[in-house]
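# Coordinates in review
Now for the letters of each chain:
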Amino acid sequence: MGYDSIITELLRIEDAGLYRKLRRVESDQGPTLRLDGREVINFSSNNYLGLANHPSLCKAAKEAIDRYGCGSGASRLISGNMSLHEELESKIAELKGTEAALVFNSGFQANTGILSTLVGEGDVVLSDALNHASIIDGCRLSRAKVVVYGHCDIDQLERSLRDAPSNARKLIVTESLFSMDGDEAPLADIVNLAEKHGAMVMVDEAHATGVYEPSGAGLVAKLGLGDRVPIQMGTLGKALGGFGAYVAGSKALRELLINRCRSFIFTTSLPPAVMAMGMAAIDLVMREPERRQALWNNCEGLRAGLKELGYSLGGSQSQILPLMVGDATACMRLSEKLLDRRIFAQGIRPPTVPAGTSRLRITLMATHRPEHIDQALRVFKEVAQEMKVDDRR
Ligand SMILES: Cc1ncc(COP(=O)(O)O)c(C=O)c1O
């Protein structure tokens, strides 16, 4: 792309109301932030349990640096497989109740790598219409035939499974808790269908890991489906407060990925501090259910208040509350107005969400205090009603 075509592309993005700018955080990642020079209450973070700045994670990271240094030096298959990587993987397998786990450098790399390892030309992937970009790209990379079924539409999924060639390998992939809508996939139905039609199931627990009872393992575990979902992916950078990602499943799955998964093989492994903070986070998640309780209490408080103000919040069942606006420009204007009054609720536009469904993605943290929620509700009442936002569709 020459310079002129770069400018033309930028103008096109701007004209469509889709221009994105980076905001700058000048504090730690708490329920309040210093954002672009002003103090705001943060309703835009995936740090759901407030662990990103927890003293135990900071201490573990510092100790790991003192003992092992900063970098890992190479990819896992060369000289970058440190004892810490394997210790973290054992801990993840313990949390998830699986035989094994494998750590990835990010959720994006995990999804693209796992999907393109497990299916290929001649196979069929069945993917929920609202799956994350990393799943979409993983499906594309795999060269399998991709069948997108309607969001959580079990009947359509069954029809698609029936239509797939009987000799094709089939893989169903879904998020468990959807990142932009906050609703839960019908996992029990999906698993039943997969078993009936001989398909594999891969579940992305990026937003569910750490959040669901009984142990923070995710929605698959909460529903008692652990033994029936062979590929459970999740991240360490959201509720677990650190960075990186994992897949949990059988030892055979782990071995296959070590041997074949390009996004695992051809990249420098995560550094010691990141492994150490992952382990510290899992310890807290397993030991302190009160964090989850605080998160769910905060969800209930904000959800009830916003509903009282007349917002439907779609089908959200979780810490992710979508307040639908529809038009991308109107959505960003609303987000800015809220920010002027120190409430940070990021507007989300296409291509992150489908056209016409731009929304504020409001997220809760265990560490929000009642006064944060009260203040948000006061501001929503003033600003959102003044702008006549209607999310009741
Ligand atoms: C559902 C889902 N999967 C995967 C990812 C990617 O994870 P990471 O941020 O670790 O790359 C995200 C996060 O952005 C996500 O929301």
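Refer to the structure presented above.
This text gives an overview of the structure that appears in the document. (Residues numbered from 1 in each chain as written. Predicted model: local features only at pLDDT ≥ 70, side-chain atom pairs only at ≥ 80, totals over all residues. Heavy atoms only, no water.)

Of regular secondary structure, the chain possesses 14 helices and 13 strands. Radius of gyration (C-alpha) of the chain: 21 Å, near the 21 Å computed for a compact globule of 393 residues. Of all 393 residues assigned to the chain, the portion counted as buried reaches 54%. Taking contacts inside the chain between residues at least 6 apart in sequence as the whole, the part at least 24 apart equals 71%. (Helix = DSSP H or I, 4+ residues; strand = E, 2+ residues; numbered from the N terminus. Rg over C-alpha atoms; globule rule 2.2 N^0.38 Å. Buried < 20%, exposed > 50% of the residue type's maximum accessible area, 1.4 Å probe, protein only. Contact = heavy atoms within 4.5 Å.)

Not every one of the 13 residues close to the ligand is listed here, only the nearest: G107, F108, D204, H207 and K238. The backbone of G107 places a nitrogen or oxygen atom 2.7 Å from an oxygen atom of the ligand. Take H207: an N or O atom from its side chain is 2.6 Å from an oxygen atom of the ligand. For the ligand, whose unbound accessible area comes to 390 Å², protein coverage reaches 81%. Judged by the proximity of its atoms to the pocket grid, the ligand belongs to the largest pocket. When residues of the shell around the ligand are assigned to their parent elements, the largest contribution, three residues, is made by helix α4 (residues 107–118). For the shell around the ligand, a count of residues per class yields two nonpolar, eight polar and three charged. (Near = heavy atom within 4 Å. Polar contact = N/O pair within 3.5 Å; in protein donor to acceptor, adjacent residues only side chain to side chain. Areas by Shrake-Rupley, 256 points an atom, 1.4 Å probe, with all protein chains shown as cover. 1 Å grid on protein atoms, 1.4 Å probe; cavity = no way out; pocket = protein on both sides within 12 Å on 5 of 7 lines; lining within 4 Å. Sits in = over half its atoms within 2 Å of the grid points. Nonpolar A, V, L, I, M, F, W, Y, C, P; charged D, E, K, R; others polar.)

It is worth spelling out the layout of surface pockets at this point. Taken as a whole, the largest pocket encloses approximately 1400 Å³ of empty space. Lining the largest pocket are 49 residues; nearest its centre among them are R20, S44, Q346, G347 and I348. In this structure, the second largest pocket occupies an estimated 290 Å³ of space. Looking at the second largest pocket, it is lined by 18 residues, and the ones nearest its centre are N131, I136, P351, T352 and V353. Looking at the lining of the second largest pocket residue by residue, the class counts come to nine nonpolar, four polar and five charged. (Points joined across faces, edges and corners; volume = space filled by probe spheres on them.)

In this structure, the amide linkage connecting E213 to the following residue, P214, adopts the cis form with an omega of 5°. Note that P214 resides in the loop between β7 (200–204) and α8 (219–222). At the junction of P350 and P351, the peptide bond is cis and its omega measures out at 5° in the coordinates. For P351, the location among the structural elements is in the loop between β12 (347–348) and β13 (358–363). The phi dihedral of L313 falls on the positive side, at around 60°, and the residue is not glycine. You can see L313 is positioned in the loop between α12 (289–308) and β10 (320–326). At R342, a residue that is not glycine, the phi angle is positive and equals roughly 70°. Here R342 lies in the loop between α13 (328–340) and β11 (343–344).

Sheet strands line up and pair through hydrogen bonds in the backbone, either parallel or antiparallel. If you trace the three strands from one edge of the open sheet to the other, you get β10-β13-β12, paired in antiparallel fashion. The sheet is open, and its two edges are formed by β10 and β12, each paired on a single side. By the bridge criterion, six bridges tie β10 to β13 in an arrangement that is antiparallel. What sits directly across from G326, in β13, is S358. Relative to β13, α13 is tilted by about 35°, and along the sheet it contacts β10, β12 and β13. (Pairing = 2+ DSSP bridges. Axes fitted to C-alpha atoms, helices over the stretch in contact; angles between N-to-C directions.)

So, about the environment of G305. Within the secondary structure layout, G305 lies in helix α12. The spacing of G305 and D340 is 35 residues in sequence and 21 Å in space, taken between C-alpha atoms.

Our focus in this paragraph is the sheet that holds β11. If you trace the three strands from one edge of the open sheet to the other, you get β1-β2-β11, paired in mixed fashion. One side of each edge strand has no neighbouring strand; the edge strands of this open sheet are β1 (32–35) and β11. Pairing geometry for strand β2 (residues 38–42) and β11, over two bridges, is parallel. Looking at the pairing, I41 lines up with I343 of β11.

Here we take up the packing of aromatic side chains. Throughout the structure, instances matching the rule amount to two aromatic pairs. Look at F104 and F264: their rings are 6.0 Å apart centre to centre, the planes differ by 70°, and that puts the pair in the edge-to-face class. With F104 in strand β3 (residues 100–104) and F264 in helix α10 (residues 262–265), this residue pair connects regions lying 160 residues apart in the sequence. Just as F104 is buried, F264 falls in that class too. Taking the centre distance of 5.6 Å and the plane angle of 50° together, the rings of Y212 and W296 count as tilted. A residue pair is termed long-range when its members are at least 10 positions apart, and Y212 in the loop between β7 and α8 and W296 in helix α12 qualify at 84 residues. Here the two residues Y212 and W296 agree in accessibility, since each one is buried. (Phe/Tyr/Trp six-rings, centres within 6.5 Å; stacked < 30°, edge-to-face > 60°.)

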